[in-house]
Amino acid sequence: MTITSSPTAPSSLHKPLFGTVLVANRGEIACRVIRTLRALGIRSVAVYSDADAGARHVREADVAVRIGPAAATESYLKIEAILKACRDTGAEAVHPGYGFLSENADFARALAEAGITFIGPGVESLNVMGDKIRSKNHVAGYDVPVVPGIAEPGMTDEQLIEASARVGFPLLIKPSAGGGGKGMHIVERPGDLEATLATARRVAASAFGDDTLFLERLVPTPRHIEVQVLADNHGNVIHLGERECSLQRRHQKVIEEAPSPLLESLPDGAEIRARIGEAACNAARSVNYSGAGTVEFLVSDNAPDEFFFMEMNTRLQVEHPVTEMVTGVDLVEWQVRIAAGEVLTVQQDDVVLNGHSVEARVYAEIPERNFLPSTGRVVLLDEVPDDADGKVRVDSALLEMLEISSSYDPMISKVIAWGRDRTEALDTLDRALAGYTALGIDTNVEYLRLLINDADVRAGRLDTGLIERKMPQFAFRRVGDFEVAAAAVFAAAMEEHDAQTSGGGPWNRRDGWRVGAPAPRRISLGTPGGGVATVTVSGAAGHGTAAITVDGGPERTASLRFPKPNHAELTLDGEAREYALVSVHGGPGAPNQSGPASGDPQELLLGNEGWSCRLEVLTRESRLARVLAAIEREEGAADPAVRSPMPGTVVSVSVSEGDTVEAGQVLLSVEAMKMEHQLVAPLEGTVHISVGSGDLVKADQVLATVHPAVDVPPPAENAAEDTIEEAVIAMGAAD
């Protein structure tokens, strides 16, 4: 175990509630807890795995302790490692954040036995509310309405299938030990239940170490409304209003807001708020709850005066900032104060909801590829707008040059906005997302902007199925002439810069020098999806105005200037557009205020209005490879290799070596970033499996190969040779 300390520790004029608190978590929530600990004058201890050695929470804490390798089971979920870190640093209390060990009764019990305070509820509260079956049956006896379903421990798949007829379809499979939407599955028809139960058990066992499942009736057009509660150890319980979390994908929240637009739109909304708030407080009282907790309810859009208990999260929620923004209450501070034995001095009548707040979760993922998690390195970061003025808050785990791995959840930050009303809050959030820049990784920021500007979202017509319905309608931005022009002019400017500084006469120059006027420079760029864009650049690209053509189109005028570091403004035919711009290149240079620096760019990363793209500066060889791949795609040839979309672990193999498979048949599943990705056969044929269940795999690694069932005769040999020859000749002419 390795311990590192920061050069200075926080100071306080008052005796702190605890001398030292260890934060048993990572990412943005660890940074957020550390921020409040510093404000309270409490020494903070971070823990980290090998994958997080350079993470932001490690840098921001007063002390940081290594607890194990990247695998969460060997680090953040390893109770003994956390206890040892507490002993080695003298931590008197542990804040668990959310996820990992935050709702683990064994962890809370182990801390108590070691004389260390768990900043959270008692063991019995964790035991009851941590079991979704037990909690549902428990709160039903305390005037808390519950969703109809089957919730009995230890039921087998056969028993659940038999009981499903009494529940009715469609239904929802839920893991008893689950949370955060993991392992939940909708089943529309009885015939799909058996296979879906197998997947749900596997995901539940992997995510929570418990594959117990139960069934619930699926509430039509459901809205997800949850209530924030605070309770102390002196019998005081209050609620701080509700949050609406209906905008979800895969049962995980994407946009959260407070208060609920549904309740705000109803004439009796205040009365419903009081009733649902009291039901939440009753749920907390039923287990002698202590600390901050959230009681989640399903509310039917068709009957908003009815609500049903789903579960109680015995921890801080990801979306807690929206409650803080509209109430002014620091929930983490009250968690610490309550754990230290203080009386909750905020009374129910003191809680006033001021304005409206909306939170957007930023994920490292690719929405257009079914929200596939993304990895990479953050090379340029700008998260907080200059004009935030207290109306925008960003809780983030990011740092420039931070590597995003596949070991943990893909959520990387949260952008939270406040407004006097819902429209103002959404407008403020939209502007903040438009200015959000994290080049080097794929994010969902563009998708978030499309979502919060959807007409139904703006009107408050929300339900948990909205994202699934709307996704096919969203028009995602594509690389256009502006982007390829900016990249080409920038690359040409770098060539000019190199020519001016390298010397060696005209024979070493790469700017098209010849007797008379210089030849136009032709720059080939690789676009997303395997395409090629060819731009000719004539004139002074690094200063002044250049003449360009894009893919043989009409000649246009272009100029590039650098208004601030890592930003370029392209003016194309009189229209200006500013980009965040970073070059990944062979030399040490990067764009700056005076222009580009030296080095051959290999890739150019551009960001604009919350959207970003990656353009490869192609060599002759890489251009030829793209041209030939495009020819194969046009001929309809399917790639027989099945590759892993990202680093992860093979969790199941559905076929055997030598099996005959159909196109689209599931071959195996890979788990990465706490999600399971099913990989299917690209064509009909005989399968060869290269990996087994439990194997660790790399991104783009070939996991299986499908040999075609019938040999397809190749195209006429001469025609194929002619096509390739034409491509090579065209490439040579372009270069």
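Attention in this report is confined to the structure presented alongside it. (Residues numbered from 1 in each chain as written. Predicted model: local features only at pLDDT ≥ 70, side-chain atom pairs only at ≥ 80, totals over all residues. Heavy atoms only, no water.)

Overview of the overall build of the chain
Check the secondary structure of the chain and you find 19 helices and 40 strands. When contacts within the chain are restricted to residue pairs at least 6 apart in sequence, those whose partners lie at least 24 apart make up 64%. Taken as a whole, the chain presents about 30,900 Å² of accessible surface, with 49% of it coming from carbon and sulfur. (Helix = DSSP H or I, 4+ residues; strand = E, 2+ residues; numbered from the N terminus. Contact = heavy atoms within 4.5 Å. Areas by Shrake-Rupley, 256 points an atom, 1.4 Å probe, with all protein chains shown as cover.)

With respect to the side chain of Arg 223
Among the structural elements, Arg 223 can be located in strand E11 (residues 222-231). The residues contacting Arg 223, other than those within four sequence positions of it, are Glu 244, Ser 246, Pro 261, Leu 262, Phe 297, Leu 298, Val 299, Asp 301, Gly 460, Arg 461, Leu 462 and Asp 463.

Some words on the packing of helix H4 (residues 105-113) against helix H5 (residues 123-130)
The N-to-C vectors of H4 and H5 enclose an angle of 175°; their axes lie 9 Å apart at closest approach. Compared by their axis directions, H4 and H5 come out roughly antiparallel. Along the contact surface, H4 presents Ala 105, Ala 108 and Arg 109, while H5 presents Val 123, Leu 126 and Asn 127. Split into classes, the residues belonging to the contact of H4 with H5 amount to 4 nonpolar, 1 polar and 1 charged. (Axes fitted to C-alpha atoms, helices over the stretch in contact; angles between N-to-C directions. Parallel < 35°, antiparallel > 145°, perpendicular 65-115°, else oblique. Nonpolar A, V, L, I, M, F, W, Y, C, P; charged D, E, K, R; others polar.)

Here we look at helix H11 (residues 320-327)
Buried residues dominate H11, accounting for 8 of its 8 residues. Among the residues of H11, His 320, Pro 321, Val 322, Thr 323, Glu 324, Met 325, Val 326 and Thr 327 are the ones counted as buried. Just downstream of H11, Gly 328 is the residue with a positive phi angle, here 75°. (Buried < 20%, exposed > 50% of the residue type's maximum accessible area, 1.4 Å probe, protein only.)

Concerning the sheet that holds strand E33 (residues 641-643)
Pairing within the open sheet is antiparallel, and its 4 strands lie in the order E33-E40-E38-E35. A single partner strand is all that each edge strand has here, and the edge strands are E33 and strand E35 (660-661). As paired strands, E35 and strand E38 (residues 685-689) are joined by 2 bridges and run antiparallel to one another. Its bridge partner being in E38, Val 661 is matched across the sheet by Gly 685. (Pairing = 2+ DSSP bridges.)

What about the sheet that holds E11?
With antiparallel pairing, 8 strands are arranged side by side in an open sheet as E15-E14-E11-E12-E13-E16-E23-E21. At either end of the open sheet lies a strand with only one pairing partner, and these are strand E15 (307-313) and strand E21 (392-396). Averaged over all neighbouring strand pairs, the angle between strand axes comes to 25°, with direction disregarded. Taken together, the 8 bridges between strand E16 (residues 356-363) and strand E23 (residues 411-419) define a ladder with antiparallel strand orientation. Looking at the pairing, Val 362 lines up with Ser 413 of E23. Packed on one face of the sheet, helix H1 (residues 27-39) meets E21 and E23 and runs near 115° to E21.

Considerations on the pairing of strand E4 (residues 63-68)
Within E4, 5 of the 6 residues are buried, which leaves it mostly tucked inside the rest of the structure. Here strand E3 (residues 43-49) pairs with E4 via 5 bridges, running parallel. Within the sheet, the bridge partner assigned to Val 45 lies in E4 and is Val 63.

Looking at helix H6 (residues 132-139)
Buried within H6 we find Lys 132, Ile 133, Ser 135, Lys 136 and Val 139. Looking at the buried positions of H6, the neighbouring elements they touch are H5, strand E7 (149-150), strand E8 (171-175), strand E10 (213-217), helix H10 (269-285) and E15. One side-chain oxygen of the residue at the start of H6 lies 2.9 Å from the amide nitrogen of Ile 133, identifying that residue as Asp 131. (Polar contact = N/O pair within 3.5 Å; in protein donor to acceptor, adjacent residues only side chain to side chain.)

Some words on the nonpolar core
Leu 22, Ile 67, Ile 82, Val 94, Phe 107 and Leu 230 are the most contacted members of the largest nonpolar core, which totals 62 residues. When neighbours within four sequence positions are excluded, Val 94 is seen to be in contact with Leu 22, Ala 24, Cys 86, Phe 107, Leu 111, Ile 116, Thr 117, Phe 118 and Ile 119. In this structure, Val 362, Ile 404, Ala 417 and Leu 429 belong to the second largest nonpolar core, which totals 40 residues. (Core = buried A, V, L, I, M, F, W, Y, C linked by side-chain atoms within 4.5 Å.)

Section: the pattern of salt bridges
Counted under the stated rule, the structure contains 57 salt bridges. Residue Asp 573 is joined to Arg 556 by a salt bridge in which the shortest nitrogen-to-oxygen separation is 2.9 Å. Of this pair, Asp 573 sits in the loop between strand E29 (567-572) and strand E30 (575-585) while Arg 556 sits in strand E28 (residues 556-564), placing them 17 residues apart in sequence. Taken together, the shared-partner salt bridges in this structure form one network comprising Glu 28, Arg 32, Arg 35, Glu 324, Asp 330, Arg 393, Asp 395 and Lys 414. (Salt bridge = Lys/Arg side-chain N within 4 Å of Asp/Glu carboxyl O.)

Overview of the packing of aromatic side chains
Going through the model one piece at a time under the given rule, you end up with 7 aromatic pairs. Residues Phe 297 and Phe 307 carry aromatic rings whose centres are separated by 5.5 Å and whose planes lie at 85° to one another, so their mutual orientation is edge-to-face. Here Phe 307 lies in strand E15 and Phe 297 lies in strand E14 (residues 291-300), a separation of 10 residues in the sequence. Here Phe 297 matches Phe 307 in class, with each residue buried. Ring pairs connect the aromatic residues Tyr 76, Phe 100 and Tyr 408, which therefore count as one cluster. (Phe/Tyr/Trp six-rings, centres within 6.5 Å; stacked < 30°, edge-to-face > 60°.)

Some points on the environment of Gln 701
With respect to the helices and strands, the residue Gln 701 is situated in the loop between strand E39 (696-697) and strand E40 (702-708). If we ignore the near neighbours within four places in the chain, the residues touching Gln 701 are Val 642, Arg 643, Ser 644, Val 691 and Leu 696. Of the polar contacts made by the side chain of Gln 701, one reaches the backbone nitrogen of Lys 698; its length is 2.9 Å.

Let's talk about the packing of H1 against helix H12 (residues 331-339)
Remark: H1 packs on H12, axes separated minimally by 9 Å, with the N-to-C direction vectors making an angle of 65°. For H1 against H12, the interelement crossing comes out right-handed. Mapping the contact onto sequence places Arg 32, Val 33, Thr 36 and Leu 37 in H1 and Val 332, Glu 333 and Val 336 in H12. Here the contact of H1 with H12 is built from residues that sort into 4 nonpolar, 1 polar and 2 charged. (Left-handed = near helix turned anticlockwise from the far one by under 90°.)

As for unusual backbone geometry
Looking along the chain, the bond that leaves Phe 169 and enters Pro 170 is cis, with omega of 0°. The residue Pro 170 is located in the loop between helix H7 (157-167) and E8 in this model. Note the cis peptide between Ala 258 and Pro 259, where omega equals -5°. Within the secondary structure, Pro 259 sits in the loop between strand E13 (252-258) and helix H9 (261-265). Phi at Asp 143 takes a positive value of approximately 60°, unusual for a residue other than glycine. Along the chain, Asp 143 falls in the loop between H6 and E7. Within the chain, Asp 389 stands out as a residue other than glycine whose phi angle is a positive 50°. With respect to the helices, strands and loops of the structure, Asp 389 is situated in the loop between strand E20 (380-382) and E21.

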